[in-house]
Amino acid sequence: FPIDITFKSTNPSGWPQIVVSVYGPDFFGHDVVRGYGAVHVPFTPGRHTRTIPMFVPESTSRLQQFTSWFTGRRPEFTDPRVVAQGEGREVTRVRSQGFVTISFNVV
């Protein structure tokens, strides 16, 4: 779906990112996270296509994995800014979960 946003900056430092959160039903019909990903918005004019690698957080122990499967409550980020920032993510256990391809038309 189209998103129309206007940005103005004198330099690309701290350029905005798009954070994608994908949700879907599990085996029991619960709405669970299927993946998170982020990509910087291109700043050169033209049509750009970016492939975003997606990942999901994982439980750290087998007991937590079983409990989350049994209750239908899987680990997920409460703040979407965690996906866009690198701080604190080095201690988070994640698993690769596919890709999302998006297209940008930058004027």
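Basis of the calculations
The numbering scheme is per chain: residues are counted from 1 as the chain's sequence reads. For this predicted model, a pLDDT threshold of at least 70 governs which residues receive local features, and a threshold of 80 or more governs which side-chain atom pairs are given and counted, while totals over whole chains, interfaces and linings are taken from all residues. Values reported for side chains reflect all heavy atoms of the structure, with hydrogen atoms and water molecules removed beforehand. UniProt positions are given in the numbering used here, feature names are shortened, and annotations may be inferred rather than shown by experiment. Only Phe, Tyr and Trp rings are paired, with Trp represented by its six-membered ring, and only when their centres lie within 6.5 Å; those with planes under 30 degrees apart are stacked, over 60 edge-to-face, the remainder tilted. Strands here mean DSSP runs of E at least two residues long; helices mean DSSP runs of H or I at least four residues long; both are numbered from the N terminus. Only residues whose relative accessible area exceeds 30% and that form no salt bridge enter a patch; like-charged residues are grouped when within 9 Å of one another, and nonpolar side chains (Val, Leu, Ile, Met, Phe, Trp, Tyr) when within 5 Å. Each accessible area is a Shrake-Rupley result for a 1.4 Å probe, and residues are judged covered by the shown protein chains and nothing else. In what follows, salt bridge is the name for a side-chain nitrogen of Lys or Arg lying within 4 Å of a carboxyl oxygen of Asp or Glu. Between N or O atoms, a polar contact is any pair within 3.5 Å; within protein, one atom must be a potential hydrogen donor and the other a potential acceptor, and residues adjacent in sequence are included only when both atoms are from side chains. Exposed residues in this analysis have more than 50% of their type's maximum accessible area, buried residues have under 20%, and partly exposed residues fall in between, with area computed by a 1.4 Å probe over protein chains only. The contact criterion used is simple: two residues touch if any of their non-hydrogen atoms lie within 4.5 Å. When DSSP finds at least two bridges between two strands, those strands are taken to pair. Buried Ala, Val, Leu, Ile, Met, Phe, Trp, Tyr and Cys residues that are joined via side-chain atoms within 4.5 Å together make up what is termed a nonpolar core.

- Identification of the protein as B9 domain-containing protein 1 from Probosciger aterrimus is taken from an unreviewed UniProt entry.
- UniProt annotates the protein under Subcellular location (unreviewed entry) with the comment "Cytoplasm, Cytoskeleton, Cilium basal body".

## Comments concerning the packing of aromatic side chains
In step 1: Under the definition given, this model contains one aromatic pair.
In step 2: Arranged with centres 6.4 Å apart and planes meeting at 50°, the rings of Tyr-36 and Phe-55 form a pair that is tilted. Within this pair, whereas Tyr-36 is found in strand β2 (residues 31-40), its partner Phe-55 is found in strand β3 (residues 46-57), the two being separated by 19 residues in sequence.

## Some thoughts on a nonpolar patch on the surface
In step 1: Nonpolar side chains collect at one region of the surface, where Phe-27, Phe-28, Phe-66, Trp-69 and Phe-70 lie side by side and expose about 660 Å² of accessible area between them.
In step 2: Structurally, Phe-70 is set in helix α1 (residues 62-71).

## Overview of the side chain of His-48
In step 1: Mapped onto the secondary structure, His-48 falls in strand β3.
In step 2: One polar contact links the side chain of His-48 to the main-chain carbonyl oxygen of Thr-44, over a distance of 2.7 Å.

## What about the pattern of salt bridges?
In step 1: Applying the stated criterion to the full structure yields one salt bridge.
In step 2: Two residues, Arg-95 and Glu-58, come together in a salt bridge whose shortest N-O distance is 2.7 Å. With Arg-95 in strand β4 (residues 94-106) and Glu-58 in the loop between β3 and α1, this pair connects stretches of sequence that are 37 residues apart.
In step 3: Take Glu-58: its relative accessible area is 26%, and that puts it in the partly exposed class.

## Digging into the environment of Arg-74
In step 1: Within the secondary structure, Arg-74 is located in the loop between α1 and α2 (81-84).
In step 2: Looking at Arg-74, the relative accessible area reads 32%, which means it is partly exposed.
In step 3: Placed 17 residues apart in sequence, Arg-74 and Pro-57 show a C-alpha to C-alpha distance of 8.5 Å.
In step 4: Sequence-distant contacts of Arg-74, defined by excluding residues within four places in its chain, comprise Asp-26, Val-32, Arg-34, Ser-68 and Trp-69.

## Concerning the pairing of strand β1 (residues 17-25)
In step 1: As paired elements, β1 and β2 share nine bridges and run antiparallel to each other. Of the residues in β2, the one forming a bridge with Val-20 is Gly-37.
In step 2: The loop that links β1 with its antiparallel partner β2 comprises five residues; one of these, Gly-29, has a positive phi angle of about 90°.

## Topic: the nonpolar core
In step 1: Membership of the largest hydrophobic core is limited to nine residues, which are Trp-15, Val-20, Val-39, Val-41, Ile-52, Met-54, Ile-102, Phe-104 and Val-106.
In step 2: Secondary-structure elements contributing two or more residues to this core are β3 and β4.
In step 3: Tyr-36, Phe-55, Phe-77 and Val-83 belong to the second largest nonpolar core, which has five residues in total.

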